[in-house]
Every structure is written in structure tokens, then in C-alpha cells.
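Read off the chains here:
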Amino acid sequence: MYRAPHCVVSLLLFAAVGVAGASSGASELPDRVVRAELVHAEANTGTSAGGHVALRIGDDVYEYQYVAARDLLLLERRPWHEFHTRYAELENRTLQRLAFTPMEPGARALAGELDRALIAQGRQLDRLDARALELRVLRALEAGRNRVEVPYGRWVAGPPESDAGRALRAAFDPNELAAERARTEALLHATVLRVRGGSAEAGAHGLGGSGSAETLRDGLWRLLALQALEQSRGVGPDVLRAAVGPPLSPEERGVQGVVGREQAARIRRLLRSPRPDAGRAMLIAIARHHAAWHSNATGVLHVVDVLEPDAPRVTPGQAHRSRRPLGALDTRFAALERDARARLGRGATGDVALRQLEGAVSHARELRAYLEGGRPPRLAAGAGPRGTQPGLARLPVVQATPEGLAAARARAGALHDEAEAALEDGRRYALFSRNCATALRGRLPGEASVFDFAPFALAARVSGDADAVARDASQREVRLAAMRAREGALRVGLREANTITGRIHRDTLQEDAFLFYTDDVAWPLRPLLGLANVGAGLVGTLAGVVAVPFDRGFLVHAGLRGIFYSAPELVGVNLRKGRFVLSGELDAGDELLSSRPASGPGTARP
């Protein structure tokens, strides 16, 4: 799970509204001249204080993001419009684009190199997760347990013999299911869990052998899906979400029937498929079939929840201060839900259409639960059906001595550590030696400099070799320019210079206590305004001490942050730019969120 930035509501919006667009697939550059650009995002508060750099090639952006759960800096790829929405609009950071490879084949070759690095990184992550599951299996066997926790289990964690489960089971031949379950159990036993003579069998067919961890994981997913089909098992209580929109029309009920039949047909194909991950796909198809069945039976649209059950939530203090922008988001998600339902009604029942509908409904329900009942909303944690809450899979019977299992666990542990070391090699985050700038500098033109660890220094070095330089204004700059054109520069300048009379940020969640914006003022005015900002932070901290019983320390935190990020202004350096929860003003009639943010952001670090 990624470390959440300080502006949690912006992260909720940024990660969630990606449901409005299809998820990006493999990078495919069009048959035209493409440019490679270094994109430099100016600093802002929080983890953005050092700035950020990324590579844009065609319509894709490649960037290195810090993943807190693994303490690693990992390569990611996202569409340009998502990157621009996050940094220029939501995070309010000016972007500088330096084009340094205007002609082919340089840009295409660089994109191919980065795509290969992404594939290799994904394989290493997958291998490590499979090794971790292998260790859990062995520990369960050593403890005398015949069940093990497997991710994706929450899709089939409900009660056996549910109505939806019986309806799905009727579409399958019981003998075929039983035969496939027996085959899967035999495969797990013979290929992965075979222990003989008190010691683990080595090699490709032994526990801990080459490929055994992936085989084990895929086999357990398949076993969970088969058990759910045979037992008519329902989904877990936290899997389905009812839509906030109107009841289904007769025509929409008919579409839900089509969706259910399509998912059953997909499961039948997967039963005969040689795909290693067929079990995982079956689990998702089972959950979607149950959602369609409940929709048809109740007349209320149900979808699979895409939010993790244990995803971090907005704190009560933050939620209280963000009620109005979250209410506007609720309106926007309701519109997204209507649009997704309309596409489904026109026959778009494929995977992309279902993901869009699931994302819109999941987030709309989350925000509605907060607005109606006061429960702080979860942050988004994914752009498609996925579940890390474990479910229990029954293990095949294994005849083994304690010594044999201990030896197998030791071998599996060594392989897990080896996979972890291979993943961490060259990916461990370090402020000066391994960050978003140093990870890219070897791929850029010009002679490397000792100062390239700083994003702004790397951008300055590349600008000398750039063929073209472009600047994308921050959201605040865009809105200030529009206001000046309507109302006049002096009036807007005086009103928008502070947080009391300013309108641009009035409905965003201010992260720290300050009075004046200093990003568009220079010496000697910036140090004077910075001194006033430090004073505002100090007052906020003292007031927060009194308010701790009511806001759980939110105001104290805001005051301390105000002091910390205002201090550089005393010497003429501006970090704070402000952030936005919504793209577009909240005045009546304005369109909310016209662009499409990305899904699943990491934490950008310098």
C-alpha cells in the first residue's frame, strides 16, 4: 500500500475518479514523430517539498514513486492526462517540459527500454508475493492447520448455499466441478506439497523448487473458486455495494441478467483454460455474477466494491473540514454512476465497462455513508476489483514429518529472502543517492552532475540540451488569470493574496495554518509575508492544544506544519503552493472535475 500524502482528500479524489476512463494498457506509441520530455514539477508541501521529475514519451509518463510498504522506489507508467491532473491541477504545481529527443528512433527505443524494466519489476514483485504465500502455507502445515489465508478470498467468504451461489452452480455440471477440484488438489499435492522421508523434495517438483511458489498460489486461487462453485458459496458481506441511484428499470434488469450469464460463461471458459491465473479471474467472475444476481433479484443495482476493507480513512478532523468538497464529489460520482449505467444499458458489458461502474458506485457509496452517517471515508486503493483481505483455502492432506516440514520451510524462507533481495537491489529509496531524479539521470542527455540528485538541478542541466521548453501553469495560476481577466488585476491580487478573503482555495482542505500565498511574490515582500505565516502557524498550534479533545490534534498538526513550511519563506524560498480537492470552482452551474485524474497514486518523492 502506498504512503498517503498529507492531503488525503485530494488523494481520495485523484485515485477514485480514474473510474471515468479506461485503465491504460501496454505502452503503444502511435506511428508518428514522438518526443521525449523531462517533466519537472515544482515543489509543494508534504512529500513534494523536493520537487519531482518524470519522463514523458508520447502520451505516456514514466516516473519513479516511493512505495512506503516496501520502502522502495519503483517505476510506474501512467497516461499524460492523469499525470497532468495530479500535479498541475490537484497538487497545484507548475510543470516545466524539456523536449530532448524530438526525432525517432530515440524516443521509441527509450520507451521500449522502460517498458521492459516495468515488466521485469512486475515479475519480481509477483515472485516475492508468491514466496510469501508459500511460507504461510508451510507455517500452517507445521502448526497442524489444514487451512491457509489466501488473498482474493473475500470474494467467496460468504455463507455456503446462498441463493446467488445456487443459481450459479446450476450452470455447471457437478461431476465436472468435482473432477476439476480433485485434479487441482492432486496438482497441489504432487507438484508443490510433496514431502518424502522426512525431508523436502528438491527440484522443480519439490516444495521450494523452481516455480513452486507461483504454482502454489495459482492452485490455491483455483481451489477457492472451485470450492465456492461446488458449495454454492456466497460472497463476503463487504464485497457488494448497492448503488445510490434510482431502482433498475425492467430493461436494466434484463442487462443484469446478460451480465450474469456472461460471467458464468467466462467461468466455464476459465475452467478449461491453461492460464496460470485462471483461478483469480474465476474468483472475480464469481463475485460479479453474484452482484448481477442481487441486482436482478432486488431491483437495486449492486456492484463489486473496489475499495480495500482495511484501506486508510480520512481522519475525523480532516473529514469535518472537508464536508463541502466531499459533498461536491458525491454529486460528481453520482453523475459518473449514471453515465456508467447508461453505457451498460447500451450493451457495454465487458471488463472495462464493469470496472468503471464498480469504481463509480463504490466511491459514491463511500462518500454517501460519510455525508449521511458521519463515517470518515476510505481512501481509494485500486482501480479494479481486487482484495487483500484473506480468505481461507483448505489445503490438501500432506503426510510429512515435523523435520521435513521444518526443512521445507527453511528452504522456502531462503528463497523468499533471495527474491526480496533481488527486488530491493538498486531500488531502495535514499534521499540523495536513489530518488526520482537519480533514477532517471542516466537516461538523459548531457554529462551527469553531482547535483543531479535534486530534481530542479537535473531539470536545469537538461534544459541546456533541450530542443524545446514548455511550461504548464498550475491550477492556481490558471484560475488567477481567469479572475484577472474578469475582475481586474488589482482587485484579484489583493483578495487572493491571503487565505481569509481568497476564493480559489476556500473549499479545499488546507493542510497547514498560514495567512498569505507567497509563490507569486518576490524579495523583499516574501520574507515579510513569511514572518506573518510563521506567526499564524504559532497561533494555530496554541489554539490546537485547546482543541485537541474535539479534533484529535488536527489543528495542532496544521499549526506545526504552517510553521515548518513557512520558515523557508523567511529566506526567500517558497515551497507552499496550496492544493486542490476539485478541479474547477464550486460555483453553481460549473462543471466539476472536467479532466480525468489517475488511479492508484504512489507518493512522489524527490
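Criteria and thresholds
Residues numbered from 1 in each chain as written. Predicted model: local features only at pLDDT ≥ 70, side-chain atom pairs only at ≥ 80, totals over all residues. Heavy atoms only, no water. Helix = DSSP H or I, 4+ residues; strand = E, 2+ residues; numbered from the N terminus. Buried < 20%, exposed > 50% of the residue type's maximum accessible area, 1.4 Å probe, protein only. Contact = heavy atoms within 4.5 Å. Areas by Shrake-Rupley, 256 points an atom, 1.4 Å probe, with all protein chains shown as cover. Phe/Tyr/Trp six-rings, centres within 6.5 Å; stacked < 30°, edge-to-face > 60°. Lys NZ or Arg CZ within 6 Å of the ring centre and 35° of its normal. Salt bridge = Lys/Arg side-chain N within 4 Å of Asp/Glu carboxyl O. Polar contact = N/O pair within 3.5 Å; in protein donor to acceptor, adjacent residues only side chain to side chain. Expected span 1.5 Å × (residues − 1). Axes fitted to C-alpha atoms, helices over the stretch in contact; angles between N-to-C directions. Parallel < 35°, antiparallel > 145°, perpendicular 65-115°, else oblique. Nonpolar A, V, L, I, M, F, W, Y, C, P; charged D, E, K, R; others polar. pLDDT = per-residue confidence, 0-100. Pairing = 2+ DSSP bridges. Left-handed = near helix turned anticlockwise from the far one by under 90°.

1. Some remarks on the overall build of the protein chain
Part 1: Of regular secondary structure, the protein chain possesses 18 helices and 12 strands.
Part 2: A burial count over the protein chain gives 54% of its 606 residues as buried.
Part 3: The contacts in the protein chain between residues at least 6 apart in sequence include a share of 78% that link residues at least 24 apart.
Part 4: Summed over its atoms, the accessible surface of the protein chain is roughly 25,400 Å², and 56% of this surface lies on carbon and sulfur atoms.

2. Topic: the packing of aromatic side chains
By convention here, two paired aromatic rings are described through the distance between centres and the angle between planes.
Part 1: All told, the structure shown has six aromatic pairs when counted by the stated rule.
Part 2: Ring plane angle 75° and centroid distance 5.1 Å describe the contact between Phe432 and Phe453, whose orientation is recorded as edge-to-face. Within this pair, whereas Phe432 is found in the loop between helix H12 (402-424) and helix H13 (438-441), its partner Phe453 is found in the loop between H13 and helix H14 (455-463), the two being separated by 21 residues in sequence.
Part 3: Here Arg56 stacks its cationic end above the ring of Trp80, 4.2 Å away from the centre of that ring.
Part 4: When the ring centre of Tyr517 is taken as reference, the NZ or CZ atom of Arg476 above it lies at 4.0 Å.

3. Digging into the pattern of salt bridges
Part 1: Enumeration over the complete set of coordinates arrives at 38 salt bridges.
Part 2: Across the salt bridge formed by Glu134 and Arg131, the nearest N and O atoms sit 3.1 Å from each other. Of the two residues, Glu134 and Arg131 are both situated in helix H3 (residues 106-142); the distance of three residues between them amounts to about one turn of the helix.
Part 3: By relative accessible area, Glu134 is classed as buried at 0%.
Part 4: Looking at Arg131, the relative accessible area reads 7%, which means it is buried.
Part 5: When the shortest N-O distance is used, the salt bridge between Arg471 and Glu477 registers 2.6 Å.
Part 6: For Arg471, a relative accessible area of 52% corresponds to the exposed category.

4. Here we look at the environment of Asp425
Part 1: Looking at where Asp425 falls in the secondary structure, it is placed in the loop between H12 and H13.
Part 2: Given a relative accessible area of 60%, Asp425 falls into the exposed group.
Part 3: Spatially, the C-alpha atoms of Asp425 and Leu72 are 9.7 Å apart, while their sequence positions differ by 353 residues.

5. Remarks on the environment of Thr45
Part 1: Within the secondary structure, Thr45 sits in the loop between strand E1 (36-41) and strand E2 (52-57).
Part 2: The class of Thr45 is buried, set by a relative accessible area of 3%.
Part 3: Put simply, Thr45 and Tyr565 are 520 residues apart on the chain and 6.8 Å apart in space, counted from C-alpha to C-alpha.

6. Regarding unusual backbone geometry
Part 1: Here the amide bond leading from Trp523 into Pro524 is cis, since omega sits at 5°, within 30 degrees of zero.
Part 2: Take Pro524: it is sitting in the loop between helix H16 (489-496) and helix H17 (525-551).
Part 3: Here Asn92, not a glycine, exhibits a phi torsion of approximately 60°, which is positive.
Part 4: Inspection of the secondary structure assignment puts Asn92 in the loop between helix H2 (80-90) and strand E5 (95-101).

7. What about the side chain of Asn498?
Part 1: Summarising the element assignment, Asn498 is placed in the loop between H16 and H17.
Part 2: The class of Asn498 is buried, set by a relative accessible area of 14%.
Part 3: Looking at Asn498, its side chain comes within polar contact range of the main-chain nitrogen of Ile500, at 2.9 Å.
Part 4: Beyond its immediate stretch of four places on either side in the chain, Asn498 contacts Leu515, Phe516 and Tyr517.

8. Re helix H7 (residues 250-271)
The periodicity of an α-helix, 3.6 residues per turn, causes residues three or four positions apart to be oriented the same way.
Part 1: The end-to-end C-alpha distance of H7 is 32 Å, a good match for the 32 Å that 22 residues give at a rise of 1.5 Å each.
Part 2: Taken together, the buried positions of H7 are occupied by Val255, Gln256, Gly257, Val259, Gly260, Gln263, Ala264, Ile267, Leu270 and Leu271.

9. Concerning the packing of H3 against helix H6 (residues 212-230)
Part 1: Remark: H3 packs on H6, axes separated minimally by 8 Å, with the N-to-C direction vectors making an angle of 75°. The angle between H3 and H6 places the two elements in the roughly perpendicular class. Packed against H3, whose contacting residues are Asp126, Arg127, Ala130, Arg131, Leu133, Glu134 and Val137, the element H6 presents Ser212, Ala213, Glu214, Leu216, Arg217 and Leu220 at the interface.
Part 2: Taken together, the residues that form the contact of H3 with H6 break down as six nonpolar, one polar and six charged.

10. Focus on the confidence of the model for the protein chain
Part 1: On average, residues of the protein chain score 78 in pLDDT, and 78% of them reach the 70 mark or higher.
Part 2: Note that residues 381-388 has pLDDT below 50 and, in this model, 27 contacts with residues that lie over four places away or in other chains.
Part 3: Segment residues 582-603: pLDDT under 50, and 75 contacts once partners within four positions in sequence are set aside and those in other chains are kept.

11. Some thoughts on the pairing of E2
Part 1: Extensive coverage of E2 is indicated by the burial of six of its six residues.
Part 2: Of the two faces of E2, the one holding His52, Ala54 and Arg56 and the one holding Val53, Leu55 and Ile57 are both buried throughout.
Part 3: Bridge count for E1 against E2 is six bridges, and the pairing is antiparallel. Across the sheet, the residue bridging to Ala41 is His52, located in E2.
Part 4: Across three bridges, E2 lies against strand E3 (residues 60-67) in antiparallel orientation. Counted as the bridge partner of Ile57 is Asp60 from E3.

12. A few points about the environment of Ala285
Part 1: Among the structural elements, Ala285 can be located in helix H8 (residues 278-298).
Part 2: Classification of Ala285 as buried rests on a relative accessible area of 0%.
Part 3: For the pair Ala285 and Gly260, spaced 25 residues apart in sequence, the C-alpha to C-alpha distance is 9.0 Å.
Part 4: Apart from residues no more than four positions distant in its own chain, Ala285 is found in contact with Gln263, Arg266 and Ile267.

13. Focus on the side chain of Thr349
Part 1: Residue placement: Thr349 occurs in the loop between helix H10 (323-345) and helix H11 (351-373).
Part 2: Overall, the relative accessible area of 10% leaves Thr349 in the buried class.
Part 3: A polar contact is formed between the side chain of Thr349 and the side chain of Glu262, at a distance of 2.8 Å.

14. Observations regarding the packing of H7 against H8
Part 1: One can describe the packing of H7 onto H8 by two numbers: an axis separation of 8 Å at closest approach and a directional angle of 160°. As the angle between them shows, H7 and H8 are arranged roughly antiparallel. Every pair of crossing elements has a handedness; the one defined by H7 and H8 is left-handed. Between H7 and H8, the residues in contact are Arg253, Gln256, Gly257, Val259, Gly260, Gln263, Ala264, Arg266, Ile267, Leu270 and Leu271 and Ala278, Ala281, Met282, Ala285, Ile286, Arg288, His289, Ala292, Ser295, Asn296 and Thr298, respectively.
Part 2: Partitioning the contact of H7 with H8 into residue classes produces 11 nonpolar, eight polar and three charged.

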